[in-house]
Amino acid sequence: MGRDSARDTRTATSNRRRTWSGYGQLIRAEKSAFGRFLHDLTYVFTDVSVSILPLLFLVIERPAARFYGVRAAMLVAWATTVVVAAAIRGGLLCPPGTDALGWVSLSPALVVLRIGYFNLALGVAAFGGVAVAGALGTPVAALALSFVVALVATLAFPAAADALYRRLAD
């Protein structure tokens, strides 16, 4: 896929990242492997966190009655999403269903997709994990299910974004 695709492939194939120079300008700086991962982690944390603000407000309003409750499951899902997405952005993982490396670009249609997709996926991970764990009678299952749902949803997101982008381009 080219530069006009739904994916930001440059960060997945380069050691250079845009960073703040301290003089009011953005520059491209060469980063070590660890520095790239930290940069990608902060980028994706912001990307995901802004997208799920409505869900975060809903989760915060829930009572924190149990250690393995919705808040803990949400935290596991959120952290899983951020770490996996950072690995995808840096080119460490190639998500299934696509042949391009890199995280999803920030075009307007894909921002709207992010908001709906991540609120739904992480909502299912947090609330669904707790509901299934309650039905099973095993509280720890909430965290495990939350992890699995977030992992699968994050790996599937680039392919979903590519499909939407292609559909809008036609």
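Residues numbered from 1 in each chain as written. Predicted model: local features only at pLDDT ≥ 70, side-chain atom pairs only at ≥ 80, totals over all residues. Heavy atoms only, no water.

Considerations on the pattern of salt bridges
The final tally for this structure, using the stated rule, is two salt bridges. In this structure, the salt-bridge partner of R89 is D40, at a minimum N-O distance of 2.6 Å. In this pair, R89 sits in helix 4 (residues 70–89) while D40 sits in helix 2 (residues 33–51), placing the two residues 49 residues apart along the sequence. In terms of burial, R89 and D40 fall into one category: buried. D47 is the partner of R114 in a salt bridge, and the nearest nitrogen-oxygen pair spans 2.6 Å. Separated by 67 residues along the polypeptide, R114 in helix 5 (residues 108–136) and D47 in helix 2 bring together distant segments of the chain. Relative accessible area serves as the criterion here: at 10%, D47 is assigned to the buried category. (Salt bridge = Lys/Arg side-chain N within 4 Å of Asp/Glu carboxyl O. Helix = DSSP H or I, 4+ residues; strand = E, 2+ residues; numbered from the N terminus. Buried < 20%, exposed > 50% of the residue type's maximum accessible area, 1.4 Å probe, protein only.)

Some details on the packing of aromatic side chains
Within this structure, the stated rule accounts for six aromatic pairs. When the centroid spacing of 5.4 Å and the interplanar angle of 45 degrees are considered together, the rings of W103 and F157 count as tilted. Pair noted here: W103 is in strand 4 (residues 103–104) and F157 is in helix 6 (residues 140–169), with a separation of 54 residues, a long-range link. For the pair formed by W103 and F157, the shared burial category is buried. Between Y117 and F157 the ring centres are 4.9 Å apart and the planes differ by 45 degrees, which places this aromatic pair in the tilted class. A residue pair is termed long-range when its members are at least 10 positions apart, and Y117 in helix 5 and F157 in helix 6 qualify at 40 residues. With respect to burial, Y117 and F157 carry one shared label: buried. Members of the aromatic cluster, connected to one another through ring pairs, are W103, Y117, F118 and F157. Cation over ring: R89 sits above Y43, and NZ or CZ is 3.7 Å from the ring centre. (Phe/Tyr/Trp six-rings, centres within 6.5 Å; stacked < 30°, edge-to-face > 60°. Lys NZ or Arg CZ within 6 Å of the ring centre and 35° of its normal.)

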